[in-house]
Amino acid sequence: MAEFSAAVYQNEFLPDGGTDVNAIVTIGCTGAGTAGQGSGGDAGEIIIVDTSGSMAPETMQAAIDGAKAALDEIVDGTYFAVIAGADHAMLAYPAVSSGPGMVRMDGRTRHEAMSAVERFIGSGGTAISTWLDLAGQLFASIKDVTQRHVLLLTDGENRERPGKLDEAIRRATGYFQADCRGVGTDWQVAEVRRISEALLGSVDIIPGPSEMRAQFQQIMRTSMARGVSDGKLRIWTPQGAQILFVRQVSPTVEDLTDRRTPVNPLTGDYPTGAWSDESRDYHVAVRVAAKAIGQEQLAARVQLVVGDQVVTQGLVKATWSSDESLTTKIDQQVAHYTGQTELARAIQEGLAAKAGGDEATATVKLGRAVRLAAETGNDEATTKLRKVVDVEDADEGTVKLKRSIDKADEMALDTASTKTTRIRRDPTA
């Protein structure tokens, strides 16, 4: 049975007139089990493979091998389906035209699905909205499936009228999760990121066909390890308080502020999706009314709710003090993740400026990113940044844009921009 824990990191002391309270809430889960094996309903998996005409033969073969590897990782008993995506979505497996669009995984259905995947050929355009909509319809055809996950692969830019993909994303939001991968360099990171962020998943680049199989395997293994089908971050604040923002800050930066579902006038739920054995960090910022020196107040109660049960909680506090040694101290966790969030923004804004031809802004933004990556110990970001800029002084953020940049390296930096690293702890502490 899954067990959850919560810890709050903050400086609760505010100066005279202070109103803003920041806290990092760490939530951990152990004993999550296997997807669909608990009492919360069945799990469903849908694999969507881009089969448009832009898929070169080598890429298509790698996608076929990757899809087969993912099918091998789906636990027996899990409902599943496979979609071939082009300028319309086709249900590649199971071969049905009406009724339930998913079947349970077993030896026979796994073999049949692999045979169907082996027949994939590239033709047509790219209309990702139809892929998402068909996935939603397939999940809806099995009422017992309550944990819904999609693995989506594309190799090109969406070719639909403006707004159509966004409409499909809205229909899928809150209904299923999606981990998205782009192969090669002809797809748009921002476009695919919109899907993954809304659907509480991940986005990454597969630079070449040879890496497809391993990535598909890992995505499906991770999904199968999510034995807790859905969790909600429930936050209560006192009368008159204002939630400034709610962000997941580890393992990735995800802004949840606008995803609030009211529970009552003082309480709202924020989606977290399914859980495996893992730990996540959330940055909660609350503005409260200032109180007199010496007074204390509960600024927020942060709970994780699974089903209708509160499984853990942490308390965010505020205490007003005239002692500057207390009120001027910045909590290390809050400072660290504030820097990580700014790092993600600097990378994305820098790359956008570069794409728009504004090299001056790009240099400033990416220089700031280099400095933040060094300060926060994000070695992955530092490594990827050095493939895009020549670093003259990391501490000062002095860089020059490289004259020749591999597009795959630039896209890898973009997709990794929201990945964070936890604060470095002193092992002797």
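Everything numeric here is computed off the predicted structure, so don't read it as measured data.

Novice: Mind showing me how you'd approach the packing of aromatic side chains here?
Specialist: Where two aromatic rings form a pair, the distance of their centres and the angle of their planes describe that pair. Following the criterion strictly, the structure yields four aromatic pairs and no others. On the basis of an interplanar angle of 25° and a centroid distance of 5.7 Å, the ring pair of Phe80 and Tyr93 is categorised as stacked. Of this pair, Phe80 sits in strand S5 (residues 79–85) while Tyr93 is found in strand S6 (residues 89–93), placing the two residues 13 residues apart along the sequence. With a centroid separation of 6.5 Å and an interplanar angle of 70°, the aromatic rings of Tyr175 and Phe176 are classed as edge-to-face. Ring pairs connect the aromatic residues Phe139, Tyr175 and Phe176, which therefore count as one cluster. A cation over a ring is seen here: Arg247 above Phe245, with NZ or CZ 3.7 Å from the ring centre. The ring of Trp275 carries Arg280 above its face, with NZ or CZ at 3.8 Å from the centroid.

Novice: How do you make sense of the domain arrangement of the protein when you look at a structure like this?
Specialist: Where interface size is quoted, it is often the accessible area lost as the parts come together. Splitting the protein by domain gives domain 1 (3–33 + 229–329), domain 2 (42–224) and domain 3 (333–416). Distance from the C-alpha centre of domain 2 to the C-alpha centre of domain 3: 31 Å. Domain 2 puts eight residues into the contact, and the matching count from domain 3 is seven residues. For the pair domain 2 and domain 3, the two sides together bury roughly 720 Å², of which 63% comes from carbon and sulfur. Per-residue buried area on domain 2 facing domain 3 is highest for Thr185, Arg193 and Ile205; these three make up 60% of the total on that side. Linking domain 2 with domain 3 are one salt bridge. Between Asp414 and Arg193 there is a salt bridge, with the nearest N and O atoms lying 2.7 Å from each other. Looking at the side of domain 2 that touches domain 3, the elements with two or more residues in it are helix H5 (189–198) and strand S10 (203–206). Examining the composition of the side of domain 2 that touches domain 3, we find that three residues originate from one element, S10, more than from any other. Taken together, the residues of the side of domain 2 that touches domain 3 break down into four nonpolar, two polar and two charged.

Novice: Looking at this model, I keep getting lost on the environment of Ala353. Mind explaining?
Specialist: Structurally, the position occupied by Ala353 is in helix H8 (residues 332–355). Residue Ala353 is classed as buried on the basis of its relative accessible area of 12%. A sequence separation of 10 residues divides Ala353 from Thr363, and the C-alpha atoms of the two residues are 8.8 Å apart.

Novice: Please clarify how the sheet that holds strand S14 (residues 261–264) should be interpreted in this entry.
Specialist: Two pairing modes exist for strands in a sheet, parallel and antiparallel, and in both the strands are linked by backbone hydrogen bonds. Spatially, S2-S18-S17-S11-S15-S14 is the arrangement adopted by the six strands of the open sheet, whose pairing is mixed. Of all the strands in the sheet, the pair left with one neighbour each is strand S2 (13–14) and S14. As paired strands, S14 and strand S15 (residues 267–275) are joined by three bridges and run antiparallel to one another. Note that in S15 the partner of Asn264 across the bridge is Thr267.

Novice: Any chance you could explain the nonpolar core here in plain terms?
Specialist: Within soluble globular proteins, side chains that are nonpolar generally end up buried alongside one another. Core analysis: the largest hydrophobic core is formed by 36 residues, its most contacted members being Ile46, Leu132 and Val150. Here the element with the most residues in this core is helix H3 (residues 128–140); it accounts for seven residues. Lining this core are residues from two domains, each supplying at least three of them: domain 2 (42–224) and domain 3 (333–416). Beyond its immediate chain neighbours, meaning those up to four positions away, Leu132 contacts Leu152, Leu165, Ala168, Ile169, Phe176, Ile195 and Leu199. Counting 33 residues, the second largest nonpolar core, distinct from the first, contains Met60, Phe80, Leu153 and Ile206.

Novice: Explanation requested: helix H11 (residues 407–415) in the structure shown.
Specialist: Counting buried positions along H11 yields seven of nine residues, so the element is predominantly enclosed. Along H11, the residues that are buried comprise Ala408, Glu410, Met411, Ala412, Leu413, Asp414 and Thr415. If you follow the buried residues of H11, they end up packed against H5, S10, H8 and helix H10 (379–385). Here H11 starts with a cap whose side-chain oxygen sits 2.9 Å from the backbone nitrogen of Ala408, and that cap is Asp406.

Novice: Please clarify how the environment of Leu366 should be interpreted in this entry.
Specialist: Inspection of the secondary structure puts Leu366 in helix H9 (residues 359–376). Considered as a pair, Leu366 and Arg345 are 21 residues apart in the sequence and their alpha carbons are 9.9 Å apart.

Novice: What's the story with the sheet that holds strand S13 (residues 254–255) in this structure? I'm lost.
Specialist: An order of S1-S3-S16-S12-S13 is seen for the five strands of this open sheet, with the pairing classed as antiparallel. Whereas interior strands pair on both sides, the edge strands pair on one side only; in this sheet they are strand S1 (3–10) and S13. Pairing analysis gives 10 bridges linking strand S3 (residues 20–30) to strand S16 (residues 278–287), with the strands arranged antiparallel. Residue pairing in the sheet places Val21 in a bridge with Val286 of S16.

Definitions and cut-offs
Residues numbered from 1 in each chain as written. Predicted model: local features only at pLDDT ≥ 70, side-chain atom pairs only at ≥ 80, totals over all residues. Heavy atoms only, no water. Phe/Tyr/Trp six-rings, centres within 6.5 Å; stacked < 30°, edge-to-face > 60°. Helix = DSSP H or I, 4+ residues; strand = E, 2+ residues; numbered from the N terminus. Lys NZ or Arg CZ within 6 Å of the ring centre and 35° of its normal. Domains from an automatic or database assignment. Contact = heavy atoms within 4.5 Å. Buried area = accessible area lost by both parts, 1.4 Å probe. Salt bridge = Lys/Arg side-chain N within 4 Å of Asp/Glu carboxyl O. Nonpolar A, V, L, I, M, F, W, Y, C, P; charged D, E, K, R; others polar. Buried < 20%, exposed > 50% of the residue type's maximum accessible area, 1.4 Å probe, protein only. Pairing = 2+ DSSP bridges. Core = buried A, V, L, I, M, F, W, Y, C linked by side-chain atoms within 4.5 Å. Polar contact = N/O pair within 3.5 Å; in protein donor to acceptor, adjacent residues only side chain to side chain.

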